[in-house]
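Examining the three-dimensional arrangement
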Amino acid sequence: MRTSPAADDDATPSPARTRSRSPRRNLVRGQAQRTGFLRGLRAGGLLTAAIAGTAGVWARRGITVNTELPERLQPDAGLIPVLILLAPAIWITMSTLPEGGRRPFTGRSVRAALLLGMLLIVAACWSLIGLMPIDDISLILILAVLAPIFWAAAVSMAEDLRASPRWRHAPMALMTVLLAAPPAISAYLLGRSWWQQSEDIGLPYPVLLQYAVAVAGLGVGAVAGVLLRAASVAAPGVRRRTLRRPRADWPAMIAMILTVGLAVTALAAPARVYVSQSVQVAAAAGQPVPETLGSQFTWQRVFDRRAEDRIHGIIPGSAGPIAITEHGAEGLDPSTGETTWSYRRKAHTTHLALNDPPCGEEEQVHCHAALSPDRAHLVIVYAGVDGSLFVSLDTATGEVTFERTVVDWRGSAVPFQITDHVVTAGAEVLSLSDGSVVAELPDRGAGSDQSGAQRPEYARGSGPGTPRIDSPFLQGGHSTLILGAKCTDPSTISENATWCEVTVAPDTDPGASRTVEGIVPVYSHRDHTGIAIVDGWTVRFSDPAAVRESLGTRFDAESLGYSIEAVSLDTLSGVDADTQPVTLGDLDRPISPNAASTLGIRDPEAYAYRSYRPALSVVFDPMTEQVYSAGDLTEQATGRGYFDTLIVKKNLEHSGLDVLDLNEKVVLHLGLGQVASPEDFVAANDIPLVSSGYLVPAPGTVVLVYERDAVDSAKHPTKEQLVVCGLI
């Protein structure tokens with residue numbers, strides 16, 4: 001019996017037919033998912049290259065590298081970014097062209113892309129000069145030149161294999177390995193160099209990681225694109241469209257999101273790896289600085305000078321002493337010496353002062369740290385390649401008030417300095433409270449002049465004829481910036497400078513600068529002289545006009561003997577009109593203050609130098625605005641001025657340490673048992689290797705700091721130690 005066609009159409013499909021259609025449908029669905037996944041990888045790789053390449057170019061533009069290449073071959077930081085930014089645009093454009101327009105070596109667009117790709121490769125490698133070893137750059141250049149050739153060959157092979165897919169698995173695997181090898185090796189070399197350089201400086205090294213991620217993205221996009229060509233199969237009898245409307249392709253979207261997400265994670269990783277280690281404490285009521293020198297140790301801390309986190313020295317804070325280390329700073333409890341707050345990074349703190357002579361002993365500390373005149377803020381700087389990291393800390397709690405990267409701050413004509421409110425960082429003036437830029441420094445020579453004299457140039461660095469700003473911890477005034485200074489001898493006969501001019505300005509408005517004449521220079525050769533600043537005060541002639549006229553006809557300038565006065569920088573800049581100058585008398589020049597908190601005036605009648613320090617006639621205390629004669633201070637044996645006159649020397653009989661006053665009288669003797677342990681005594685003469693030190697009057701204690709050598713079992717010196725003791 002025959003059935004009608006309608007009956008056949010309505011009949012239920014046989015199991016055999018269902019089984020025959022299901023595998024084919026699954027195969028098509030699986031191929032579509034693989035194709036979508038590869039399409040997402042290609043898009044994600046190209047997008048990764050665009051993002052990372054742009055980030056690398058942005059980082060590279062602000063870096064100046066010093067190489068031994070001729071000037072014409074030096075990397076051009078302005079041209080290189082323009083060339084490299086073309087790379088993502090070219091590859092993304094090529095990926096959107098119809099397949100017929102992307103066949104290798106058949107269209108002008110592909111040939112142009114390959115030629116431009118070669119130029120971009122050279123530009124990228126050129127930009128790496130000075131940032132990584134030249135051998136690695138050469139290898140990357142070779143691999144980068146081979147990569148487009150491998151890509152073109154792989155595309156041709158994929159076209160052939162798609163036409164004859166029978167034996168394509170082994171060639172495709174080999175083709176994938178060859179195509180992935182150049183970008184993988186290049187990314188590895190860039191990543192390895194980035195890691196090594198970052199570990200060396202302790203901060204994220206610029207450019208290399210971004211380039212590594214960009215190269216990896218290009219590699220992923222290239223490999224995915226070739227595999228996509230080899231895997232795609234057009235449906236029979238269906239005309240393929242070269243341009244399609246956007247539609248949801250979940251495998252492609254997931255693959256693209258994962259690829260870009262991994263790239264963004266890699267680019268953000270350095271910010272989480274090279275982070276600071278900070279411990280803060282609650283603010284507490286500060287203790288006063290002791291008025292007298294104690295004779296007993298209340299606590300003792302021993303630091304290894306050769307350790308990785310070696311200590312540079314001790315400075316006074318607002319709540320106690322502060323230790324400045326190779327990698328940061330830490331506050332010390334004035335009663336126990338234990339660490340209260342701390343801030344540390346893998347990076348090394350850098351020198352802030354570049355003046356000669358080089359930093360040593362007492363000066364070593366304030367070459368690595370800037371302390372505001374009110375001692376409330378501490379600024380340390382970590383040197384990087386693409387800029388230096390400025391960090392401001394609250395000295396009472398250890399709170400980080402700001403962290404900011406500054407580029408080329410050493411190139412400024414204004415010396416690094418700090419006030420109660422701001423710190424200079426190159427041409428920028430940064431707020432100590434949040435690191436924001438509150439002002440820009442004016443051009444050299446700008447500002448008004450009180451007397452019509454030539455404006456002094458900004459002081460910068462060191463060298464003959466460059467005045468130094470001799471100020472403890474790189475301080476300016478409380479609310480005044482020192483924009484420059486010039487010191488001369490009007491008679492042109494004396495080897496010592498006798499006259500200085502200084503340019504000052506309010507720290508809130510550096511453009512309102514003014515030049516003040518008649519500043520008394522420190523006693524030094526005129527090629528290495530400068531002005532003394534302590535707690536925002538300096539020394540000036542009481543009658544500058546008369547003194548200048550006298551100095552022009554004077555033949556003997558060894559001792560000045562003019563009427564001088566202590567004057568506040570805030571008064572000179574016009575910030576404070578209430579504080580009046582304090583007359584010091586007919587005296588000589590000030591001495592270099594080093595880390596003192598008072599201004600000392602040299603006594604030319606006494607022996608010039610005793611125990612490596614000049615004799616003093618008077619001492620001015622800026623905090624109390626009082627003037628003390630050196631004799632009265634020595635007799636009273638109290639106060640900040642008295643502490644500044646004391647020095648710590650190794651006993652001449654090798655019996656310990658002596659604290660000496662201005663009369664070379666021993667006011668405190670510390671025996672061998674106090675300054676060193678018996679096991680550290682040298683066996684030959686039973687004498688510990690102890691060096692001279694210094695005192696740091698701080699809130700709650702007076703700290704004694706000195707160096708000593710530790711010895712091994714054979715009594716041979718093994719390491720240097722810095723010993724910090726609290727006296728009461």
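Small disclaimer: the values here were computed from a predicted structure and weren't measured.

Bringing the overall build of the chain into the picture now. Each helix and strand in the chain was counted, giving 14 helices and 33 strands. Taking all 728 residues of the chain together, the buried fraction comes to 48%. Of the contacts made within the chain by residues no fewer than 6 positions apart, 63% connect residues no fewer than 24 positions apart.

The tally for this structure, following the rule as stated, stands at 11 aromatic pairs. On the basis of an interplanar angle of 50° and a centroid distance of 6.5 Å, the ring pair of W195 and Y274 is categorised as tilted. One end of the pair, W195, is in helix α6 (residues 169-201); the other, Y274, is in the loop between α8 (250-273) and β1 (277-279), with 79 residues separating them in the sequence. On the basis of an interplanar angle of 45° and a centroid distance of 6.5 Å, the ring pair of Y343 and Y382 is categorised as tilted.

Quick look at helix α10 (residues 544-552) now. All buried positions along α10 are accounted for by P544, V547 and L551. Along the long axis of α10, the arc covered by the buried residues comes to 65°, so they all point the same way. The exposed residues of α10 that point more than 90 degrees off its buried face are A545 and E549. Each element contacted by the buried residues of α10 is listed here: β17 (499-506), β18 (514-519), β20 (537-541) and β21 (562-568).

Its location among the elements puts D374 in the loop between β7 (370-371) and β8 (377-382). Given a relative accessible area of 36%, D374 falls into the partly exposed group. Not counting residues within four places of it along the chain, the set of residues in contact with D374 comprises D420 and H478. Separated by 2.6 Å, the side chains of D374 and S372 make a polar contact. Within the structure, the side chain of D374 is placed 3.1 Å from the backbone nitrogen of A376, a separation counted as a polar contact.

What follows covers the nonpolar core. Counting residues in hydrophobic clusters, the biggest one holds 30 residues, and the most contacted among them are I314, I315, I324, L378, Y382 and L393. Discounting residues that sit within four places of it in the chain, Y382 has contacts with L203, H327, G328, Y343, R344, R345, A347, H348, T349, S388, L389 and V391.

The pLDDT averaged across the chain works out to 77; a share of 70% of its residues lies at or above 70. Scored below 50 in pLDDT, residues 1-12 shows one contact in the model against residues more than four places distant or in partner chains. Note that residues 101-111 has pLDDT below 50 and, in this model, 22 contacts with residues that lie over four places away or in other chains.

About the criteria used
Residues numbered from 1 in each chain as written. Predicted model: local features only at pLDDT ≥ 70, side-chain atom pairs only at ≥ 80, totals over all residues. Heavy atoms only, no water. Helix = DSSP H or I, 4+ residues; strand = E, 2+ residues; numbered from the N terminus. Buried < 20%, exposed > 50% of the residue type's maximum accessible area, 1.4 Å probe, protein only. Contact = heavy atoms within 4.5 Å. Phe/Tyr/Trp six-rings, centres within 6.5 Å; stacked < 30°, edge-to-face > 60°. Arc of directions from axis to C-beta. Polar contact = N/O pair within 3.5 Å; in protein donor to acceptor, adjacent residues only side chain to side chain. Core = buried A, V, L, I, M, F, W, Y, C linked by side-chain atoms within 4.5 Å. pLDDT = per-residue confidence, 0-100.

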